[in-house]
Structure formats: C-alpha cells, structure tokens
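Read off the chains here:
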Amino acid sequence: MSLRVEICAEDTSADPAILNTLGYKNTINAIVSARKIIVVCGAGISTHAGIPCFSDETKPTDGQKGSRRRNRDLFDAALLREPEMMSEFLKCIGNLHVLAQKAAPTPFHRVLQLLDDRTQLLRVYTPNVDGLEEKGGLTIGIPAVNKFSKQRYAKGIQLPPATEIPRCIPLHGSCRKLHCPICHHVYNMDANIHFILGGTLPICTKCSDRSASRVQSGKHPLGIPTLRPSITLYSEEHEQGEIISEIVGGDLREVSAPSQSKGTVILLVAGTRLGVAGTKSLVKEMAKAVKARNGTHARDNKK
Ligand SMILES: [Zn+2]
C-alpha cells in the first residue's frame, strides 16, 4: 500500500476519508500539530527510490545451489573475515553507492525536510547509508568532538552547540565515504569506486606517503593499511557510538525538560521492522521519554 501525504504550512488538511480508511488520520493529525518530532526510520523509506532493503533474501545463484541467505548477512562483521564475502560486500556497497547517487529523495524524505522547515523536526535517526536524507535537504552526519580534551575526561564528551548538530544522525555510517582504520583520513567513494565495484580495497595514500618519508630518512617502513567503507556493520561497535549516545541523551533531555512541557512531542517510527537491536533499543528509550511527558507514540509500518 502506498500513501501520498501532503503537509503544507497553510493547509494541513489531507483527504480525511482516505486517511481514516487507511488508519493514518490520527498519525497525520499528530504530526501536523506536534511541537517537536523525533523520527527513527529504516530502509523502507528508501525502497521507493530504488534502494534495496538488506533484510530481503537473495535468490540462489548458479554457484549457490540450495543456498538462500539474506543480503543482511553481507553486513555482518563476522562473515567479512572470509575474503569471498568481503569481495561480495564491497561490490554490494559499490552498487548501493551508484544507486544512491542516481536516486531521488522519496516523498517521505521531502516530508522530513518540510517538518524541518516548520521547525518541528528535532532529529532523524537513520540506519540507512544511502544519504537520501541529505539529498532531501537535511543536514546529516556525526559532529566532530575533541576526544582528547581535558573536558572529555572531566565532563564527558563535549558536543558542539545544538544548532551545529546535524538534523539527521546516520547510525550506520555512509556508503559515500571510505576511511583509513589507522590514520582515520576520510576518502570519497566516488574517487575509489572502481576498486570497490571490483571487490577490492584501495590502500591509504596518506599512510603510504608517511611510510615513504620514513624510508627516505633511513627509518623502517610502516605497514600500509587498506581503506574500509565508512559503514558500521552488524555485530560491530560503532566508532562514534559515544557521540551518538550524547546526542540521544541531549534529545531525551529536551523531550523531558519541564520548560518544554507545552505542546506535544511525538516519536515517529517509519520504514523499519526494528529488526536491529540498536535501533530497537533507541526506539524503546525514546518512546519511554515521549510517553512520560504525555506525548504521542506514532508507529506506522504500512507499505
Ligand atoms: Zn591511513
């Protein structure tokens, strides 16, 4: 089932009969009248843009008679220790990047931008790595923090001012970036796409240059690492997990703050079956805070 929803600044009405029939009337009314909205979304919001959902099963190929595995298995860190799986994973990421580059944001992405324009959108948390939220007009990313500052040890991570925290937090990274696991230099996928589509990883040129300089000065060469896609895999710890936790904590405090008691705050969960433990616990935490302040918890998994 598909649903076309139009929310305009002046005219917030949709066809009440249609929305009521589909069971969306209360959801739409809650969105339109909410003071603040937190969105947790999943792959379902991008499928209409041609981005595959990785919980889908793949059909057996000629070389895999009788085998049937989920695409999601390709994103499990444990399986990537097998060279063949790593190669397949890279090709998958490369193809995903190519698709995402061509894809246009869906109506849902445009609704998110509209809610942001209306200053209703507090945050979008997404496990999607396609970057369509940014194409739809939202700021996206995880802000840099000084991990080695004295303040960190004294007070925890110091986030930048709220206005500098991106509206959309990518929980699993981005298919548009690669990075070096040693020096953490970030590279664009576009410049390395021929490696990735070929199922191989490029080396870190920064580390390579550093090693060459050492050799020139009579020192031992350094090991030269290969890059990795900037995607956090299932069963893998997020490198910026602490920063995400701080942002979640800040949003929870904003939802719960007594000074913000007027107006409804809603949590909108869309396009996900909550099959990933991290996303599920995030939704639980947010839902608890929203319910505690008598907000509305709106969940919509209709297709
Ligand atoms: Zn490096």
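It should be emphasised that the depicted structure is a prediction, and the values quoted were computed from it without experimental measurement. (Residues numbered from 1 in each chain as written. Predicted model: local features only at pLDDT ≥ 70, side-chain atom pairs only at ≥ 80, totals over all residues.)

Caption draft 1: Local environment of the confidence of the model for the protein. Here the protein shows a mean pLDDT of 81. Residues at 70 or above account for 76%. Confidence, read as mean pLDDT per element, is least for helix 1 (residues 16-22) in the protein (49) and greatest for strand 3 (residues 168-170) (97). Here residues 1-16 scores under 50 on pLDDT; set against residues more than four positions off or in separate chains, the count is 19 contacts. (pLDDT = per-residue confidence, 0-100. Helix = DSSP H or I, 4+ residues; strand = E, 2+ residues; numbered from the N terminus. Contact = placed C-beta atoms within 7 Å.)

Caption draft 2: How the structure looks around the UniProt feature "binding site: Zn(2+)" (unreviewed entry) in the protein. Here the UniProt-annotated "binding site: Zn(2+)" (unreviewed entry) positions come out as Cys180, Cys183, Cys204 and Cys207. Spanning 28 residues, the named residues nonetheless gather at one spot, since no C-alpha pair among them exceeds 8.6 Å. When you line up the elements, Cys204 lands in the loop between helix 7 (189-197) and helix 8 (205-216). Not counting chain neighbours up to four residues away, the residues in contact with Cys204 comprise Cys180, Ile182, Cys183, His185, Ile224, Pro225 and Leu227. As for its placement among the helices and strands, Cys207 is situated in helix 8. Dropping the residues within four chain positions of it, Cys207 is found in contact with Cys180, Ile182, Cys183, Leu222, Ile224 and Pro225. (UniProt positions renumbered as here; feature names shortened; annotations may be inferred.)

Caption draft 3: Fine view of unusual backbone geometry. The phi dihedral of His184 falls on the positive side, at around 65 degrees, and the residue is not glycine. Locating His184 in the fold gives a position in the loop between strand 4 (173-179) and strand 5 (186-188). Accessibility expressed as a C-beta count within 10 Å gives 10 for His184, which makes it exposed. Positioned with a positive phi, Leu274 is a non-glycine residue whose angle comes to about 55 degrees. Position of Leu274 among the secondary structure elements: in the loop between strand 7 (265-270) and helix 10 (277-292). (Buried ≥ 20, exposed ≤ 12 C-beta atoms within 10 Å, placed from the backbone.)

Caption draft 4: Structural detail: the packing of helix 9 (residues 241-256) against helix 10. Taken N-terminus to C-terminus, the directions of helix 9 and helix 10 make an angle of 15 degrees; their axes are 9 Å apart at the nearest point. Taken as axis vectors, helix 9 and helix 10 run roughly parallel relative to one another. Helix 9 and helix 10 meet at a crossing whose hand is right-handed. Along its contact with helix 9, which presents Val248, Leu252, Val255 and Ser256, the element helix 10 presents Leu282, Glu285, Ala289, Val290 and Ala292. (Axes fitted to C-alpha atoms, helices over the stretch in contact; angles between N-to-C directions. Parallel < 35°, antiparallel > 145°, perpendicular 65-115°, else oblique. Left-handed = near helix turned anticlockwise from the far one by under 90°.)

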